[in-house]
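Structure assessment
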Amino acid sequence: MSRRQFLTYGAGTAALLALPSAVAMNMSGMNMAGVHGKSSPLPKPMFSGALPIPPVYMGVMGRDKVREFHLHMADGHSVLSDGLKTATWGYNGAVLGPALRIPRGQPLRLYVHNHLDQSTTTHWHGAHVPGTMDGGPQSLILPGKTWTYGYTIDQPEATLWYHPHPAGRTGPHVYGGLSGLYLVEDGTDRRLGLPHRWGIDDIPVIVQDRLLDAQGKLVYMPQAMDVMGMKGNRFLINGRESPVLHVPAQWVRLRLLNASNARLYNFALSGDRAFYVIASDAGYLDAPVKVQRLLLAPAERAEILLDLRSLAGNTLALRSDSAAVVPGLSLHPMDSDHFDRSNFDLLEIHVGSATGPAGRLPDHLVSIPTLQTDAPSRRFELRGMTMDKISLAQRLWRTLCTTVRRKCPWGSVANRYFPSIIST
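What you are looking at is a predicted structure, and each value in this text was computed from that prediction instead of being measured.

Rules used in this analysis
Residues numbered from 1 in each chain as written. Predicted model: local features only at pLDDT ≥ 70, side-chain atom pairs only at ≥ 80, totals over all residues. Heavy atoms only, no water. 1 Å grid on protein atoms, 1.4 Å probe; cavity = no way out; pocket = protein on both sides within 12 Å on 5 of 7 lines; lining within 4 Å. Points joined across faces, edges and corners; volume = space filled by probe spheres on them. Helix = DSSP H or I, 4+ residues; strand = E, 2+ residues; numbered from the N terminus. Nonpolar A, V, L, I, M, F, W, Y, C, P; charged D, E, K, R; others polar. Phe/Tyr/Trp six-rings, centres within 6.5 Å; stacked < 30°, edge-to-face > 60°. Buried < 20%, exposed > 50% of the residue type's maximum accessible area, 1.4 Å probe, protein only. Salt bridge = Lys/Arg side-chain N within 4 Å of Asp/Glu carboxyl O. Contact = heavy atoms within 4.5 Å. pLDDT = per-residue confidence, 0-100. Pairing = 2+ DSSP bridges. Axes fitted to C-alpha atoms, helices over the stretch in contact; angles between N-to-C directions.

Our focus in this paragraph is empty space enclosed by the protein. Within the structure shown, the criterion is met by two cavities of 30 Å³ or more. Looking at the largest cavity, the residues that line it are Leu80, Thr88, Val95, Val174, Tyr175, Gly176, Gly177, Gln208, Arg210, Leu218 and Leu236. Counting only elements with at least two residues in the lining of the largest cavity, the list comes to helix 3 (170–175) and strand 11 (202–210). Of the residues in the lining of the largest cavity, the class split is six nonpolar, four polar and one charged.

Here you go:
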């Protein structure tokens, strides 16, 4: 069988293997099982429409001096791409969620209300919280119920995010639209003079890829190899394909979040223009780092500064230079698709005149404790992830061979597509 035949026959087999979970992850208005989903044609992106900016949610102070937040998970409809109306899920809206401003050192109470037709959770990704408050698979919020989280954040200023984390359904629930930024703040950005005017020179950039069918429905795992990681052919920024960002001609801060399910992005600016990395997942670096490329895997965050002071009237593009690095990062040839092997624009940036107070690029950001070279060492051996994939692929292949009534030894498949694994 050719690889094309394998993928064609494998789509139905994948559905058989994943039937219980596919039923469980059924989301109204979405083709989440996906086996019959046909993606809509992908036209050349026409950048238009303003970049949506998630609203900031600071919560309200309760009578007991505890800051309270209310998040409502519900379904809705969104225009992810021009001309298509798509059923989505969101927090306090149709898709994605507000950016939560979380003050360091203050007690918090977060009420998460589940208005969906199935159970889920909300996980505070990157936040240092007690295990009982982490929103993992053990903390299911049943339909129509509310889960109350209570804790105090004590960690450096950083861009984190929140999303569902139910067992076996994290992927489709995030894919459906449930994600939001979680901004831990202690005043460091203002003390440093960094750009901090939300939506003006401090811009959230949530990047996701999605697959839509001809009716605009989200399609999830339509073919066998999607078990290796769901990837789409449309690229959304803050829930919108091909938007335009209008910014002043001064220092501009982008808070990048790769909220895709499986795709890596090698972020770059058009014209190989340099930019400065000032923060990563856990917060600020000790000093800015000047780069021309920045690779982010799913769930990773970074904050970068763009120097636009001399570019009034110009247009830039935030793009992914994927072809340069992404294919070489995978041991499995089938993991890479057309976009992993090419370069593509994500966001068009129009630079206007300088407005209001301008931020700056500090020489020094924060002091980071130095790791001691004589500290005790611990050895961790990470196993299981790759073998789990191989086990699933082996089951898929055997079921496929039975379905088409052909002899197809697993060893030949493993040697071709998984050469780094010794097949037994």
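Evaluation of the coordinates by the stated rule reveals 14 aromatic pairs. Relative to Tyr149, the ring of Trp124 has its centre 5.2 Å away and its plane inclined at 85 degrees; by these criteria the two rings are edge-to-face. One end of the pair, Trp124, is in strand 7 (residues 123–125); the other, Tyr149, is in strand 8 (residues 146–152), with 25 residues separating them in the sequence. What makes Trp124 buried here is its relative accessible area of 0%. An angle of 75 degrees between the planes, with centres 5.0 Å apart, marks the rings of Phe235 and Phe339 as edge-to-face. With Phe235 in strand 12 (residues 234–237) and Phe339 in the loop between strand 21 (315–321) and strand 22 (343–351), the pair connects residues that are 104 residues apart, well separated along the chain. The exposure classification of Phe235 matches that of Phe339, with both residues buried.

On to the pattern of salt bridges, then. On inspection of all chains with the given rule, the structure shows 23 salt bridges. Residue Arg263 pairs with Asp340 through a salt bridge whose shortest N-O separation is 3.0 Å. One end of the pair, Arg263, is in the loop between strand 15 (251–258) and strand 16 (265–269); the other, Asp340, is in the loop between strand 21 and strand 22, with 77 residues separating them in the sequence. For the residue pair Arg263 and Asp340, the accessibility class agrees, reading buried in each case. Asp307 is paired through a salt bridge with Arg309; the nearest N and O atoms lie 2.8 Å apart. For Arg309, a relative accessible area of 51% puts it in the exposed group.

Looking now at the environment of Leu308. Mapped onto the elements of the fold, Leu308 is located in the loop between strand 20 (301–307) and strand 21. In this structure the C-alpha to C-alpha distance between Leu308 and Ala354, which are 46 residues apart in sequence, comes to 9.2 Å. With residues near it in sequence (within four places) discarded, Leu308 still touches Val247, Pro248, Ala249, Gln250, Val252, Leu316 and Val351.

With 81% of its residues at a pLDDT of at least 70, the chain reaches an overall mean of 86. Below a pLDDT of 50 lies the segment residues 1–24, which in the model reaches 35 contacts outside its immediate sequence neighbourhood of four places, other chains included.

Now for the sheet that holds strand 21. Pairing in this open sheet of five strands is mixed, and the strands run 14-22-21-16-19 from one edge to the other. Both edges of this open sheet fall to strand 14 (244–247) and strand 19 (294–296), since each of them pairs with a single strand only. Each neighbouring strand pair of the sheet contributes to a mean axis angle of 30 degrees, computed without reference to strand direction. Note that strand 14 and strand 22 share four bridges and pair parallel. Across the sheet, residue His246 finds its bridge partner in strand 22, namely His350.

A few words on the sheet that holds strand 18 (residues 283–291). As summarised here, the arrangement of the seven strands in space is 13-12-11-15-20-17-18, forming an open sheet in which the pairing is mixed. With one partner strand each, in any of the chains shown, strand 13 (240–241) and strand 18 form the two edges of the open sheet. Sheet topology places strand 17 (residues 275–280) next to strand 18; five bridges connect them, and they run antiparallel. The residue of strand 18 that forms the bridge with Ser280 is Gly283.

Looking now at the pairing of strand 21. Counting buried positions along strand 21 yields five of seven residues, so the element is predominantly enclosed. In this sheet, strand 22 lies alongside strand 21 in antiparallel orientation, the contact comprising seven bridges. The partner of Thr315 across the bridge, within strand 22, is His350.

To continue, consider unusual backbone geometry. Even without being a glycine, Met221 presents a positive backbone phi close to 55 degrees. Tracing the sequence through the fold places Met221 in the loop between strand 11 and strand 12. Here Ser242, not a glycine, exhibits a phi torsion of approximately 50 degrees, which is positive. You can see Ser242 is positioned in the loop between strand 13 and strand 14.

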